[in-house]
Amino acid sequence: MIYLDYSATTPIGFEVLDTYNKTSKDFFGNPNSLHELGVKSKNLMNSATKQIAEIFNINESEITYTDGATMANNLALMGVAMHEHKRGKHIIVSKLEHPSIYAICTHLETLGFEISYVGNDEEGLIDFDDLKKLIREDTILVSICAVNSELGIRQPLKMIRQIIKKENPNTIFHSDMTQAVGKVSVSMHDVDLATFTAHKIYGPKGIGVLYKNNNILISPILFGSGKTNMLNPGTPAVPLIVALSKAVRLATTDIEKRERFIERLNLKIVDALKKYSGVMINKTKYSIPHILNISLRNIKAETFLHALEEFEVYVSSNTACSSATLSSSVMAVYNDKVRASSTLRISLSHLTTTDEVNKFISYFDQIYRKLSGLHN
Ligand code: PLP
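Student: What exactly am I supposed to notice about the pairing of strand β5 (residues 139-143) here?
Tutor: Within a regular strand, the side chains alternate between the two sheet faces. Judged by how many residues are buried, β5 sits mostly within the fold: 5 of 5 residues are covered. In the sheet, strand β3 (residues 90-94) pairs with β5 via 4 bridges, with the strands oriented parallel. Within the sheet, the bridge partner assigned to His90 lies in β5 and is Thr139. In this fold, the crossover linking β5 to strand β6 (residues 172-176) by way of helix α6 (residues 157-167) has right-handed handedness.

Student: Help me understand the domain arrangement of the protein, please; the structure alone is not making it clear to me.
Tutor: Accessible area lost during the coming together of the parts is what is often quoted as the interface size. Per the domain assignment, the segments of the protein are domain 1 (2-9 + 254-372) and domain 2 (14-251). Taking only C-alpha atoms, the centre of domain 1 and the centre of domain 2 are 27 Å apart. Overall, the association of domain 1 and domain 2 removes approximately 2600 Å² of surface from exposure, summing both partners, and the carbon and sulfur fraction of that is 54%. Joining domain 1 to domain 2, the criterion identifies 0 salt bridges. Across the domain 1-domain 2 interface, the total number found is 17 residue pairs in polar contact (both at pLDDT 80 or more). When residues of the side of domain 1 that touches domain 2 are traced back to their parent elements, those giving at least two are α8 (255-273), β10 (291-296), α10 (328-334) and β13 (343-347). By residue number, the principal contributor to the side of domain 1 that touches domain 2 is α10, which donates 6 residues. In terms of residue class, the side of domain 1 that touches domain 2 is made up of 12 nonpolar, 16 polar and 4 charged.

Student: Would you mind going over the side chain of Ser347 with me for this structure?
Tutor: Looking at the secondary structure, you find Ser347 in strand β13. Of the residues examined, Ser347 reaches a relative accessible area of 0% and is grouped as buried. Within polar-contact distance, the side chain of Ser347 engages the backbone nitrogen of Tyr6 at 2.9 Å. Once residues within four sequence positions are removed from consideration, Ser347 is found in contact with Leu4, Asp5, Tyr6, Ser7 and His290.

Student: Looking at this structure, I do not really get the sheet that holds β13. What am I missing?
Tutor: In a beta sheet, neighbouring strands pair by backbone hydrogen bonds and run either parallel or antiparallel. If you walk across this open sheet you meet the 4 strands as β9-β10-β13-β12, and the pairing is antiparallel. Both outer strands of the open sheet, β9 (279-282) and β12 (316-317), are each paired with one neighbouring strand and no more. For β9 and β10, the ladder comprises 4 bridges, and the chain directions are antiparallel. Bridge pairing in β10 links Asn282 to Asn293.

Student: Can you help me understand the packing of helix α9 (residues 301-310) against helix α12 (residues 354-372) in this one?
Tutor: Each pair of packed helices gets described by two things: the angle between the helix axes and the distance between those axes. Direction vectors running N to C along α9 and α12 enclose 130°, while the axes themselves pass 10 Å from each other. Looking at the two axes, α9 sits oblique to α12. The chirality of how α9 crosses α12 is right-handed. Each of Thr303, Phe304, Ala307 and Leu308 in α9 lies in contact with α12, whose residues at this interface are Phe360, Tyr363, Phe364, Ile367, Tyr368 and Leu371. Among the residues making up the contact of α9 with α12, the classes are represented as 9 nonpolar, 1 polar and no charged.

Student: Before we go on, may I ask you to explain empty space enclosed by the protein in this structure?
Tutor: A water-sized probe, rolled over the atoms, reveals where empty space remains. By the definition in use, this model includes 1 cavity of 30 Å³ or more. Lining of the largest cavity is provided by 18 residues; of these, Gly182, Lys183, Tyr202, His290 and His350 occupy positions nearest its centre. For the lining of the largest cavity, the residue count by class is 8 nonpolar, 6 polar and 4 charged.

Student: It is not clear to me how the site of the ligand should be interpreted in this structure. Could you clarify?
Tutor: The local shell around the ligand holds 13 residues, among which Thr70, Asp176, Gln179, His199 and Lys200 are the closest. Contact between the ligand and His98: an oxygen atom at 3.5 Å from a side-chain N or O atom of the residue. With the chains in place, 89% of the 390 Å² that the ligand exposes on its own is no longer accessible. Top contributing element to the shell around the ligand by residue count: helix α3 (residues 69-84), with 3 residues. Split into classes, the residues belonging to the shell around the ligand amount to 2 nonpolar, 9 polar and 2 charged.

Rules behind the numbers
Residues numbered from 1 in each chain as written. Predicted model: local features only at pLDDT ≥ 70, side-chain atom pairs only at ≥ 80, totals over all residues. Heavy atoms only, no water. Buried < 20%, exposed > 50% of the residue type's maximum accessible area, 1.4 Å probe, protein only. Helix = DSSP H or I, 4+ residues; strand = E, 2+ residues; numbered from the N terminus. Pairing = 2+ DSSP bridges. Right-handed = clockwise from strand over helix to strand, strands pointing away. Domains from an automatic or database assignment. Buried area = accessible area lost by both parts, 1.4 Å probe. Salt bridge = Lys/Arg side-chain N within 4 Å of Asp/Glu carboxyl O. Polar contact = N/O pair within 3.5 Å; in protein donor to acceptor, adjacent residues only side chain to side chain. Nonpolar A, V, L, I, M, F, W, Y, C, P; charged D, E, K, R; others polar. Contact = heavy atoms within 4.5 Å. Axes fitted to C-alpha atoms, helices over the stretch in contact; angles between N-to-C directions. Parallel < 35°, antiparallel > 145°, perpendicular 65-115°, else oblique. Left-handed = near helix turned anticlockwise from the far one by under 90°. 1 Å grid on protein atoms, 1.4 Å probe; cavity = no way out; pocket = protein on both sides within 12 Å on 5 of 7 lines; lining within 4 Å. Points joined across faces, edges and corners; volume = space filled by probe spheres on them. Near = heavy atom within 4 Å. Areas by Shrake-Rupley, 256 points an atom, 1.4 Å probe, with all protein chains shown as cover.

Next up, the structure:
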């Protein structure tokens, strides 16, 4: 098997799984219980949270666990909207967000919120002048992803924050960091709210994080019992939290070294695929090497994906989470419907080997020739 869909999800790391299993077995007490077993679980959970907080140089009380990035994004956007609606109902998002952000925005529109979409240049970089113009007195939130999930375009969050706060210091800045954490270095201090999930960083499925700066107030959107976290009440998933903490530690070590290795693999694929007249490489100077997006002319991406599957090679078409026919990110950057109608995403990892890449290139060639009617 050649797995090249690491941006959809990653396999859980052995050490992480081991941590999960051991914690499930030895720390099954409910952290909300007052007895010894509960206290034992709570202490372990708190030390896992402390470790995550130290890695990101934030406060433990700024971390809320969710079941993944979708829930964390909901909590962030809905939480701000519900808390700030008396001050304003204007929200700005980029055209490069994950469908989960757009889904929340669509819902917020039905509640009377106004959503503006900030433009970007031909490299995918947020248009700073447009952002400045869009920010108003009643703009309560700007949400811009750190790394786009389809083209891997990375945004300069620090600069974006400066622009937002200069225009309106009360505007809250959220960033979906799901495709950034563990791939590139990120700073929570560039934003007020941030979200990510464990299953993209070799952690377990079912746990994500909302970082919320302690100076920011948001309203809860979930209600229940349990005092460990006001924003996500109920029994905390201690084994998932401890496993997440391990995954974060492992994924944030050696980032640069891994990135350099992945860059070489990425360039090897680009070099091989650029020779096909029916392949367009959707890569800009801001794309991180972990995500490589291509468009196919006159071949359906889904057909190509299934042909690769015959060789046990796994990639994505559009995002794994979207059934949209046109890639919204490719549209946002290239404004070309043909280019956006048939896209494949090849996502790489430090676990990807040169041999896998060579095999992928060879299978690609065979499939391309067959599907495009080319002959040897
Ligand atoms: N945000 C981004 C940028 C993503 O890439 C994804 C998943 O692909 C999500 C959010 C949603 O993550 P989850 O499916 O874990 O909720």
